[in-house]
Amino acid sequence: MLSAEAGAHRSDNRFASPRLPEFCRVATTEIDEAAEQIGRIFCPHRLQPVDRAAQHFGAVHNCAAFDGFSINYVAYGGVVTIDPGCLERFFLVQLPLSGAARIRAGSREIESHPQVASLLSPTLPTQMVWDHCAQLILLVDRRLVEQRAAALSGKMVQPITFDAAIDISEGCGSMLAARIQELAGLAERIGPHRILSAVAAADWRESLLDLLLVRRTHNLSDAVLRFSGRSEALPRRLQRAWDYLQAHATEPLDLVRLADNVGIGIRALQGGFRRHFNSSISEMLLDLRLAQLNARLMNAPPQVHIIDMAFDLGFTHLGRMAGAYKAKFGETPSATRRRACAPAMLRPAVTN
């Protein structure tokens, strides 16, 4: 367990102006109630004040939930240890607004404060010590992240693990922190009873997934670079071949035309795909089409039918397409569509 020093004798006034005040789910000075109620919104966890008298303890959790992700404000008075184990169902990006947190995610231990955020992966056991800490927390559904990682990497759905530390003072870390603040501001402006349009919800999903999977480091980062044709080690002609396949994914595959376009023979092209992508050209094209189908299922208007999207991408055998899609993404196209078409509105998190 992480060690903690009881620095619990400072005044604490941050509860006077929390973020997302209209979305209050928990506000208590009772330890057991905080653990039970916040555990319902996130996941069951052990919560223990370091100051055994717990005279400075207090907990606030405000939550604005969208389809597939939510923005949360969580604050604890005093110094507390939090042991959720593995999060299992979601990823968390924790952005400290005040105070500090010491976090162990798997074998990595980090010090989090207003210049260093944390990114927790669902399969890594996690332990935390929050020291008079208030954080904005972005929760993103695990299935959403892992399906998009599969689409971007050409791999099957599998667990994704991120580097837990995020420097938010510059670069993509700063961009992610800004988007989290912007999402909190959006929720505060529209309030808990307004519907977020399907277009806006899709735009937010795309932005958040891009910031996480394309701009952050994770266990499939190299595969994403290779599959997207952006790997530095990728020969120029293979890059051109990948660009051609991406641009012509809805057209019949013509190997002669493809080889002529990039200026090498068919056998050399096939060998290059095997060496650099660990895939045949036809397998690569299938993965590109499945990735495009997944993106369209998540973002197309409800009136657009699956069969039309599939035919537009060159799938003529729907049974085979559905089988390949389920093997890659772990669910049928219709299941993805049902999740994407769920009402995209701000609503309380579901509790048991």
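Here the structure is a predicted model, which means the values were calculated and not measured.

What counts as what
Residues numbered from 1 in each chain as written. Predicted model: local features only at pLDDT ≥ 70, side-chain atom pairs only at ≥ 80, totals over all residues. Heavy atoms only, no water. Helix = DSSP H or I, 4+ residues; strand = E, 2+ residues; numbered from the N terminus. Rg over C-alpha atoms; globule rule 2.2 N^0.38 Å. Buried < 20%, exposed > 50% of the residue type's maximum accessible area, 1.4 Å probe, protein only. Contact = heavy atoms within 4.5 Å. Areas by Shrake-Rupley, 256 points an atom, 1.4 Å probe, with all protein chains shown as cover. Lys, Arg positive; Asp, Glu negative; His and termini not counted. Charge placed at Lys NZ, Arg CZ, Asp CG, Glu CD. Salt bridge = Lys/Arg side-chain N within 4 Å of Asp/Glu carboxyl O. pLDDT = per-residue confidence, 0-100. Phe/Tyr/Trp six-rings, centres within 6.5 Å; stacked < 30°, edge-to-face > 60°. Lys NZ or Arg CZ within 6 Å of the ring centre and 35° of its normal. Pairing = 2+ DSSP bridges. Core = buried A, V, L, I, M, F, W, Y, C linked by side-chain atoms within 4.5 Å. Axes fitted to C-alpha atoms, helices over the stretch in contact; angles between N-to-C directions. Parallel < 35°, antiparallel > 145°, perpendicular 65-115°, else oblique. Left-handed = near helix turned anticlockwise from the far one by under 90°. Nonpolar A, V, L, I, M, F, W, Y, C, P; charged D, E, K, R; others polar. 1 Å grid on protein atoms, 1.4 Å probe; cavity = no way out; pocket = protein on both sides within 12 Å on 5 of 7 lines; lining within 4 Å. Points joined across faces, edges and corners; volume = space filled by probe spheres on them.

**Comments concerning the overall build of the chain**
A count of helical and extended segments in the chain gives 12 helices and 10 strands. The C-alpha radius of gyration of the chain comes to 23 Å, within 12% of the 20 Å expected for a compact globule of 352 residues. With the principal axes as the frame, the chain shows a C-alpha extent of 75 × 40 × 30 Å. The burial tally for the chain puts 50% of its 352 residues in the buried class. Summarising the internal contacts of the chain: among those between residues at least 6 apart in sequence, 75% fall at separations of at least 24. When the accessible area of the chain is evaluated, it comes to approximately 16200 Å², of which 51% is carbon and sulfur surface. Averaging the positions of the 39 positive and the 35 negative side-chain charges in the chain gives two centres separated by 7 Å.

**A closer look at the pattern of salt bridges**
The full count for this structure, using the stated rule, is 14 salt bridges. For aspartate 67, the salt bridge is made with arginine 205, and the minimal N-O distance between the two is 3.7 Å. On the criterion of sequence distance, the pair formed by aspartate 67 in the loop between strand 3 (58-65) and strand 4 (69-77) and arginine 205 in helix 4 (residues 198-213) is long-range, its members being 138 residues apart. Judged by relative accessible area, aspartate 67 falls into the buried class, the value being 12%. For arginine 205, a relative accessible area of 4% translates into the label buried. A salt bridge links arginine 104 to glutamate 109, with the nearest nitrogen and oxygen atoms 3.1 Å apart.

**Looking at the confidence of the model for the chain**
Per-residue confidence for the chain averages 87 on the pLDDT scale, and 90% of its residues sit at or above 70. Under a pLDDT of 50 for its full length, residues 3-14 has, in the predicted model, 33 contacts with residues more than four places off or in other chains. Note on residues 344-352: pLDDT is under 50 here. Beyond four places in sequence and across chains, it has 33 contacts.

**Points about the packing of aromatic side chains**
Here the structure, examined in full by the defined rule, presents seven aromatic pairs. Ring centres of tyrosine 325 and phenylalanine 329 lie 4.6 Å apart, and the angle between their planes is 40°; this geometry places the pair in the tilted category. Here phenylalanine 329 and tyrosine 325 lie together in helix 11 (residues 318-329), a separation of four residues that amounts to about one turn. Following the ring pairs from residue to residue traces out a cluster consisting of Phe57, Tyr76 and Trp130. Between arginine 179 and the ring centre of tryptophan 204, over which it is positioned, the NZ or CZ distance is 3.8 Å.

**Focus: the pairing of strand 7 (residues 108-112)**
The side chains of a regular strand alternate between both faces of the sheet. Summarising the sheet, strand 6 (residues 90-105) and strand 7 pair through five bridges and their orientation is antiparallel. Across the sheet, residue alanine 105 finds its bridge partner in strand 7, namely arginine 108. If you look at the hairpin formed by strand 6 and strand 7, you'll find two residues sitting between the two strands, and glycine 106 has a positive phi there, around 65°.

**Structural notes on the nonpolar core**
In terms of nonpolar packing, the biggest core is built from 45 residues, with Leu20, Phe66, Ile71, Val93, Phe162, Ile180 and Leu183 touching the most fellow members. When residues of this core are traced back to their parent elements, those giving at least two are strand 3, strand 4, strand 6, strand 8 (116-120), strand 9 (126-141), helix 2 (142-153), helix 3 (171-190) and helix 4. Once you skip the residues sitting within four places of it in the chain, leucine 183 turns out to touch Phe66, Phe69, Ile71, Leu138 and Trp204. By size, the runner-up hydrophobic cluster in this structure holds 31 residues, among which are Leu47, Phe90, Ala101 and Ile103.

**Topic: the packing of helix 6 (residues 236-247) against helix 7 (residues 255-262)**
The geometry of helix 6 relative to helix 7 is characterised by a closest axis approach of 9 Å and an angle of 135° between their N-to-C directions. Comparing the axis directions of helix 6 and helix 7 gives the class oblique. As for the relative orientation of helix 6 and helix 7, their crossing is right-handed in sense. Across the interface between the two elements, Arg237, Arg240, Ala241, Tyr244 and Leu245 of helix 6 pack against Arg257, Leu258, Asn261 and Val262 of helix 7. Split by residue class, the contact of helix 6 with helix 7 holds five nonpolar, one polar and three charged.

**Looking at empty space enclosed by the protein**
Unoccupied space between atoms shows up once a probe the size of one water molecule is rolled over them. For the coordinates displayed, the defined rule picks out three cavities of 30 Å³ or more. In this structure, the largest cavity encloses a volume near 150 Å³. When residues of the lining of the largest cavity are traced back to their parent elements, those giving at least two are strand 4, strand 5 (79-85), strand 6 and strand 9. Across the lining of the largest cavity, the residue classes tally to 13 nonpolar, two polar and no charged.

**Side note on the environment of alanine 27**
By the element assignment, alanine 27 lies in strand 1 (residues 24-28). Exposure remark for alanine 27: the relative accessible area of 56% places this residue in the exposed category. Apart from the residues lying within four places of it in its own chain, the contact partners of alanine 27 are Ala59 and Val60.

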